[in-house]
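# Residue-level structure breakdown
The lines below spell out each chain.
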Amino acid sequence: MPVIERPDTARISWESDGPEDAPAVLLLMGLAYPAAMWFRLVPALAESYRVIRIDNRGAGRTGDVPGAPYTVETMAADSLAVLDAADVDTAHVVGLSMGGLIAQEIVLTAPERVRSLCLIATHPGIAHAVMNPQAVAMLAQRGQMTPQEAAEASIPYNYAPETPRERIEEDWAVRFPLAASNEGYLAQAVGSSRWDGYGRMEGITAPTLVVHGELDALVPPENGRIIAGRIPGAELVMIPNANHVLMTDQPEHVSKVLLEWLDRNR
């Protein structure tokens, strides 16, 4: 996997799939998750698009780097540097959960780099977000857990009741070898908790799609409605029978929605 060197000596790992001359899609993952967790969507996307994935600071092959806590602004700058390294002028930007905060920061600070914006299972910033107290308590305890313990505790907040255990364990087989350290998790969690885009969203002019699972217990669906209401012209799609990790709960539905969106804005 290619790596870029940042001014603060951080080495950010990224990867590219699909034809290099196709329109680029930048995928930004959520809290403590590696870029590899996009694995259910990449095959379909990479047939027609150049799919670029980033291991955010503190996660995946990037791992812990200088500069903790890792702010959304810093991770957005990392993402733009990856696009530069990939020789991509503009991209369709897709962000999940914390990745949705990074995506919002990119479009707010470098709108000329964004062809379209897709915000999945995310919120407008903690200060204006609708929170689930039980989920907040679970996340607060995560730093004292092993990756396996944290994964088990998070099941009700990540996956729909009908999602087979085997599919959840497929996710874990991808995540655990690239698991964030407790330090990396906390650096992302603290840094992202300080970000707020609520008051700036009305300035977003890129075509925007907001996607949310109807059963999201980690970032409640009302957050998607808030974002869609704040961004001019934004479209909102709610995915039935889907919790926070909606691309595992409903992979075919999410792939279809995302591909149709990308093709419309190609």
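Preceding block: the structure.
Residues numbered from 1 in each chain as written. Predicted model: local features only at pLDDT ≥ 70, side-chain atom pairs only at ≥ 80, totals over all residues. Heavy atoms only, no water.

### Points about the packing of aromatic side chains
Heads up, the rule is: Stacked, tilted and edge-to-face are the three classes applied to pairs of Phe, Tyr and Trp rings, where Trp contributes its six-membered ring and a pair requires centres within 6.5 Å; stacked means planes under 30 degrees apart, edge-to-face means over 60, and tilted covers the rest. Burial status follows relative accessibility: with a 1.4 Å probe on protein chains alone, a residue under 20% of its type maximum counts as buried, one over 50% as exposed, and anything between as partly exposed. Throughout this description, the term charge over a ring refers to an Arg CZ or Lys NZ atom that lies within 6 Å of the ring centre and within 35 degrees of the ring normal.
Here the structure, examined in full by the defined rule, presents 1 aromatic pair. Measuring from centroid to centroid gives 5.7 Å for W172 and F176, while their planes differ by 20°, and the two rings are stacked. Judged by its relative accessible area of 26%, F176 is partly exposed. Positioned above the aromatic ring of Y198 is the side chain of R230, whose terminal nitrogen or guanidinium carbon lies 3.9 Å from the ring centre.

### Some details on the nonpolar core
Put simply, the test is: In plain words, nonpolar cores are sets of buried Ala, Val, Leu, Ile, Met, Phe, Trp, Tyr and Cys residues tied together by side-chain atoms within 4.5 Å. Helix and strand labels come from DSSP, where a helix needs a run of H or I of at least four residues and a strand needs a run of E of at least two; each type is numbered from the N terminus.
Among the nonpolar cores identified, the biggest contains 42 residues, and L26, L28, I52, I102, I106 and L117 are the most heavily contacted of them. Where this core is concerned, the elements lending two or more residues are β2 (11–17), β3 (24–28), β4 (50–54), α2 (72–85), β5 (91–96), α3 (98–109), β6 (114–120) and α8 (222–230). Top contributing element to this core by residue count: α2, with 7 residues. With 34 residues, the next largest nonpolar core counts V25, M29, V245 and V257 among its residues.

### Some points on the pairing of β3
Here is the rule: For two strands to be treated as a pair, DSSP must find at least two bridges joining them.
Among the 5 residues that make up β3, 5 are buried, leaving the element largely enclosed by the rest of the structure. Burial of the side chains of β3 extends over both faces: A24, L26 and L28 are buried on one face and V25 and L27 on the other. Strand direction decides the pairing type here: β3 and β4, joined by 4 bridges, are parallel. Bridge pairing links V25 to V51 in β4. In this sheet, β5 lies alongside β3 in parallel orientation, the contact comprising 5 bridges. Bridge pairing links L26 to V93 in β5.

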